[in-house]
Amino acid sequence: MTAAKSADVVALDDPRDLSRTLAESFCISANNAITARGTFNVALAGGSTPKAGYALLASPPYRSLIQWPRVHFFFGDERCVPPDHPDSNYRSARETLLAPLEIADANVFAMRGEIDPSTAVAAYEQILTRELGPLPILDLILLGMGADGHTASLFPGAPPDDGAQTLVRATVAPPDLAVRNRLTLTPYTINAARKIIIAVTGAAKAKILAQAIDGPYDPTSCPVQIVAPTNGRCTWLADREAAALLRNS
Ligand code: 6PG
């Protein structure tokens, strides 16, 4: 089974169109969750792809479409750096989304990149179970994909799903990526989500996206293939350049 068989693939014209679709999907997931359970629990992706979508959400008309005090923000992964470091996913989300929307600190659950990774893993697992229960079910997890097929901070070279039912893991990124030491949700936590959106743009990712969606199932070499929600839905958002080599593009 490849990721595509349990996922929808939506091809968008360009990154702007993808960001608009991301913001719209976020609003739909948020309002569905708030209507159903009073709260929307979302894990944000790091990297550059979602930034424009975050900025859209913090701007009219989207900012007025969600009851933001009912949104609790988590993170799919983090670099092991302080929260004010230029490579921090928390800092990036704060600048583009959380600060412009004046989100209360009490509603933001950051991974602690500034402390010892194993301590940070245990601390975040406690936060997830305290806030979401023993099997944390996030309403929405936003993910990106690297040109090597990684997602969150699950990198090629080791089976992303180690079979243990841990919620958070410390990993080490390949030498070409910013910040080697990382913290990441595990596939166990990711695949428990009600909805997963994986956003991919650019020609540089066309080959790996075709491998992820149309290629043989090999999550050790293409970790994003491990994303297959148990009960939820996964949607790929890809712009035309990234989707160029897909079988059905
Ligand atoms: C991170 C992300 C990572 C990211 C991909 C894609 O911490 O970097 O969680 O998984 O989503 O590397 O990054 P871009 O969106 O910058 O291409």
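A quick note: this is a predicted structure, and the numbers were derived from the prediction, not measured.

J.: I would appreciate a short explanation of the site of the ligand in the present structure.
T.: Surrounding the ligand, one finds 15 residues, the nearest of these being T49, D77, H150, A152 and K205. Between A152 and the ligand, the recorded distance is 2.6 Å, taken from a backbone N or O atom to an oxygen atom. In the model, an oxygen atom of the ligand is placed 2.6 Å from a nitrogen or oxygen of the K205 side chain. Taken by itself the ligand offers 420 Å² of open surface, and the protein chains cover 87% of this. For the shell around the ligand, the residue count by class is 2 nonpolar, 9 polar and 4 charged.

J.: Could you clarify how one ought to interpret unusual backbone geometry in this entry?
T.: Here P60 and P61 are connected by a cis peptide whose omega angle stands at -5 degrees. Along the chain, the position of P61 falls in the loop between α2 (51–57) and β3 (71–75). With phi around 55 degrees, E102 is a residue other than glycine that occupies positive phi space. Checked against the element boundaries, E102 lands in the loop between α3 (89–98) and α4 (117–132). Unusually for a residue other than glycine, A152 sits at a positive phi of about 50 degrees. By secondary structure assignment, the location of A152 is in the loop between β5 (140–143) and β6 (168–172). With relative accessibility at 11%, the residue A152 sits in the buried group.

J.: Even after reading the chapter, I still don't get the nonpolar core, so can you show me in this structure?
T.: Taken as a class, soluble globular proteins show a tendency for nonpolar side chains to be buried jointly. By size, the foremost hydrophobic cluster in this structure holds 76 residues, and its most contacted members are F26, L44, F73, Y124, L185 and W236. With 8 residues, helix α1 (residues 15–37) is the single largest residue contributor to this core.

Definitions and limits used
- Residues numbered from 1 in each chain as written.
- Predicted model: local features only at pLDDT ≥ 70, side-chain atom pairs only at ≥ 80, totals over all residues.
- Heavy atoms only, no water.
- Near = heavy atom within 4 Å.
- Polar contact = N/O pair within 3.5 Å; in protein donor to acceptor, adjacent residues only side chain to side chain.
- Areas by Shrake-Rupley, 256 points an atom, 1.4 Å probe, with all protein chains shown as cover.
- Nonpolar A, V, L, I, M, F, W, Y, C, P; charged D, E, K, R; others polar.
- Helix = DSSP H or I, 4+ residues; strand = E, 2+ residues; numbered from the N terminus.
- Buried < 20%, exposed > 50% of the residue type's maximum accessible area, 1.4 Å probe, protein only.
- Core = buried A, V, L, I, M, F, W, Y, C linked by side-chain atoms within 4.5 Å.

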